[in-house]
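# Coordinate analysis (summary)
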Amino acid sequence: MKLTIEGIKTLNGIPEKGKRFLSVNLANLDVAELMDIAKELGFKPELVQIPYRAHIEVHALLWYGSIGDTPPDLEARFDELATRINADAIRYATGGWVTSS
């Protein structure tokens, strides 16, 4: 039985095929500082939860969308974020690739 936090959007830890997301685990971080940095880098953070077998992680979702819609500067913003916060808290996940038919 997975318990989740009522009222918070739930995200699967592995995005569906063709999707990608960038988020930050809020545990052990200064949340106010993270929000300032995220906004400075052009993100609009959204509070989400990612349930795992034994626990739930609460994240600031910075970007979610299809792989094809990934902003061209997302890698650079990811790199900048990783230099300014604990990089271990960052989750940059991609679902399976989609091929054109």
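To be clear, the structure that these remarks concern was listed above.
A brief look at the structure comes next. Here the structure is a predicted model, which means the values were calculated and not measured. (Residues numbered from 1 in each chain as written. Predicted model: local features only at pLDDT ≥ 70, side-chain atom pairs only at ≥ 80, totals over all residues. Heavy atoms only, no water.)

## Considerations on the side chain of serine 23
For clarity, the cut-off: Numbering of helices and strands runs from the N terminus, with a helix taken as a DSSP run of H or I at least four residues long and a strand as a DSSP run of E at least two residues long. The rule is simple: take the accessible area with a 1.4 Å probe, protein chains only, and divide by the maximum for that residue type; under 20% is buried, over 50% is exposed, in between is partly exposed. Polar contact criterion, stated in full: a pair of N or O atoms within 3.5 Å, where within protein one must be able to donate a hydrogen and the other to accept it, and residues adjacent in sequence count only if both atoms are side-chain atoms. Two residues qualify as a contact provided that any one of their heavy atoms is within 4.5 Å of a heavy atom in the partner residue.
One can find serine 23 in strand 2 (residues 19-25). Residue serine 23 is classed as buried on the basis of its relative accessible area, which comes to 0%. A distance of 2.8 Å separates a polar atom in the side chain of serine 23 from a polar atom in the side chain of histidine 59. For serine 23, the residues in contact, after removing those within four places along its chain, are Ile50, His59, Ala60, Leu61, Leu62, Ala89, Ile90 and Arg91.

## Concerning the sheet that holds strand 5 (residues 90-94)
Test applied: Pairing between strands requires that DSSP locate at least two bridges from one strand to the other. Each axis is a line fitted through C-alpha atoms, and for a helix only the stretch in contact is used; angles between axes span 0 to 180 degrees, taken between their N-to-C directions.
Within the open sheet, the five strands sit side by side as 1-3-4-2-5. Their pairing is mixed. Looking at the sheet topology across the chains shown, the edges are occupied by strand 1 (9-10) and strand 5. Lying over the sheet, helix 2 (residues 74-84) contacts strand 2, strand 4 (56-66) and strand 5, oriented at roughly 155 degrees with respect to strand 5.

## A look at the nonpolar core
Rules: Side-chain atoms within 4.5 Å are what join buried Ala, Val, Leu, Ile, Met, Phe, Trp, Tyr and Cys residues into a set we call a nonpolar core.
Judged by nonpolar contacts, the single largest core of 17 residues is most densely connected at Leu22, Val24, Leu34, Phe43, Leu62, Leu81 and Ile85. Put simply, the parts of the chain that give this core at least two residues each are strand 2, helix 1 (31-40), strand 4 and helix 2. One finds Leu11, Phe21, Val48 and Ile50 within the second-largest nonpolar core, a separate group that totals six residues.

## Notes on the packing of aromatic side chains
Convention followed: Planes of paired rings set the category: under 30 degrees apart is stacked, over 60 is edge-to-face and the rest tilted, where pairs are Phe, Tyr or Trp rings (Trp by its six-membered ring) whose centres lie within 6.5 Å. Two thresholds decide whether a charge sits over a ring: the Lys NZ or Arg CZ must be within 6 Å of the ring centre and within 35 degrees of the ring normal.
Evaluation of the coordinates by the stated rule reveals one aromatic pair. The ring of tyrosine 64 carries lysine 9 above its face, with NZ or CZ at 5.9 Å from the centroid. Taking NZ or CZ as reference, arginine 77 lies 4.3 Å from the ring centre of phenylalanine 43, over its face.

In short, shape yes, function no, at least from these values alone.
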